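What follows is each chain in one-letter form.
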Amino acid sequence: MKALLLVDIQNGFCPGGNLPVAHGDEVVAIANRLIEDGGYDVITASQDWHPANHGSFASQHAGKKPFDMGELSGQPQVMWPDHCVQGTADAEFHPDLNVEAIDYVQQKGENPAVDSYSAFRDNDQAALTGLAGYLRAQQVSELDVCGLATDYCVKFSALDAVEMLPGVKVRFISDASRGIDPEGVKAAIEEMKTKGVGIITSAEILAD
Ligand SMILES: [Zn+2]
């Protein structure tokens, strides 16, 4: 079975959102084409879903500004602007994304004491989400990953997929993803390549 994982294609990470990724909204049309014509058996999506007091928010740390480095539960943590707070428009999927076609939504980042870049587990790797179990139950053998943002949640999700789903072929769809920092994106792609993630474009998938 072939599966697609759409990472955090939410208002909060698109222009106008609280933690906008430049041109983040450009992935929506590509994601919709992949959903429609990508030949996937299973469509999954992750959704950053924070309580208002989440510890990754600079607002929760005296003297910290967004994008400062700080600490969360003893681990280094980027201090983010408040974003994707549960129940707000910022946390909703982009309005043009074909959410009807999504079979399984994995919410993440609910524990205020730890951030969760990966759709598979928290950053401290202690608590797992249900996504790996769901994909195993669907007998998925190929997983393509794309979305927002390449250098954080997409990268960590792809790397965890390789590690947690042995035998599953994992690929990153570059043109269906956008990143926060250009240098970070380059480094993320190199790291994914090194660790066994295939790098492809949507054109290669849609041409099949
Ligand atoms: Zn977040």
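- The protein chain appears in an unreviewed UniProt entry as Nicotinamidase from Neorhizobium alkalisoli.
- What UniProt records for the protein chain under Sequence similarities (unreviewed entry) is the sentence "Belongs to the isochorismatase family."
- Turning to the protein chain, the UniProt annotation filed under Pathway (unreviewed entry) states: "Cofactor biosynthesis; nicotinate biosynthesis; nicotinate from nicotinamide: step 1/1."

## What about the overall build of the protein chain?
Here comes step 1: Per the secondary structure count, the protein chain includes five helices and eight strands.
Here comes step 2: Counting from the amino terminus, helix and strand elements in the protein chain follow one another as β-α-β-β-β-β-α-β-α-β-α-β-α.
Here comes step 3: The C-alpha atoms of the protein chain give a radius of gyration of 16 Å, which matches the 17 Å a tight globule of 208 residues would have.
Here comes step 4: For the protein chain, the spread of C-alpha atoms along the three principal axes comes to 50 × 35 × 30 Å.
Here comes step 5: Sorting the 208 residues of the protein chain into buried and exposed places 53% on the buried side.
Here comes step 6: Working note: accessible area of the protein chain is about 9000 Å², and carbon and sulfur atoms make up 50% of it.
Here comes step 7: Distance between charge centres in the protein chain, computed from 14 positive and 31 negative side chains, equals 7 Å.

## Describing the sheet that holds strand β6 (residues 142–148)
Here comes step 1: Read from one edge of the open sheet, six strands run β5-β2-β1-β6-β7-β8, paired in parallel fashion. The outermost strands of the open sheet, each flanked by one partner alone, are β5 (104–108) and β8 (198–200). Each adjacent strand pair in this sheet contributes to an overall mean axis angle of 25 degrees, direction not counted.
Here comes step 2: Across six bridges, β6 lies against strand β7 (residues 169–178) in parallel orientation. When the sheet's bridge partners are listed, Asp144 is paired in β7 with Arg171.

## Points about the pattern of salt bridges
Here comes step 1: One pass over the structure, following the stated rule, counts eleven salt bridges.
Here comes step 2: Between Arg178 and Glu26 there is a salt bridge whose closest N-O contact spans 2.9 Å. Within this pair, whereas Arg178 is found in strand β7, its partner Glu26 is found in helix α1 (residues 26–37), the two being separated by 152 residues in sequence.
Here comes step 3: Judged by its relative accessible area of 37%, Glu26 is partly exposed.
Here comes step 4: For the salt bridge of Lys108 with Asp48, the shortest nitrogen-to-oxygen distance reads 3.2 Å. Of this pair, Lys108 sits in strand β5 while Asp48 sits in strand β2 (residues 42–48), and the two are 60 residues apart along the sequence.
Here comes step 5: The network of salt bridges with common partners includes Asp8, Asp48 and Lys108.

## Overview of the UniProt feature "domain: Isochorismatase-like" (unreviewed entry) in the protein chain
Here comes step 1: If you check UniProt for "domain: Isochorismatase-like" (unreviewed entry), the listed places come out as residues 3–204 in our numbering.
Here comes step 2: Each end of residues 3–204 is marked by a C-alpha atom, and these two atoms are 16 Å apart; helix forms 25% of the span and strand 22%.

## Here we look at the environment of Ala119
Here comes step 1: Within the secondary structure, Ala119 sits in the loop between β5 and α2 (131–137).
Here comes step 2: Judged by relative accessible area, Ala119 falls into the buried class, the value being 0%.
Here comes step 3: Sequence separation between Ala119 and Val154 is 35 residues; the distance between their C-alpha atoms is 8.4 Å.
Here comes step 4: The contact partners of Ala119, leaving out residues within four places of it in the chain, are Leu5, Ser46, Gln106, Lys108, Thr129, Leu131 and Ser157.

## Concerning the coordination of the zinc ion
Here comes step 1: The protein atoms that coordinate the zinc ion are Asp48 (OD), His50 (NE2) and His83 (NE2), at distances of 2.0 to 2.1 Å.
Here comes step 2: The motif formed by the donor residues of the zinc ion, counted along the single chain, is D-x1-H-x32-H. One end of the pair, His50, is in the loop between β2 and β3 (69–72); the other, His83, is in the loop between β4 (75–78) and β5, and 33 residues separate them in sequence. Of the two residues examined, His50 and His83, each falls in the buried class.

Rules and cut-offs
Residues numbered from 1 in each chain as written. Predicted model: local features only at pLDDT ≥ 70, side-chain atom pairs only at ≥ 80, totals over all residues. Heavy atoms only, no water. UniProt positions renumbered as here; feature names shortened; annotations may be inferred. Helix = DSSP H or I, 4+ residues; strand = E, 2+ residues; numbered from the N terminus. Rg over C-alpha atoms; globule rule 2.2 N^0.38 Å. Buried < 20%, exposed > 50% of the residue type's maximum accessible area, 1.4 Å probe, protein only. Areas by Shrake-Rupley, 256 points an atom, 1.4 Å probe, with all protein chains shown as cover. Lys, Arg positive; Asp, Glu negative; His and termini not counted. Charge placed at Lys NZ, Arg CZ, Asp CG, Glu CD. Pairing = 2+ DSSP bridges. Axes fitted to C-alpha atoms, helices over the stretch in contact; angles between N-to-C directions. Salt bridge = Lys/Arg side-chain N within 4 Å of Asp/Glu carboxyl O. Contact = heavy atoms within 4.5 Å. Donors = N, O, S within 2.8 Å, 3.2 Å for Na, K, Ca; no water.

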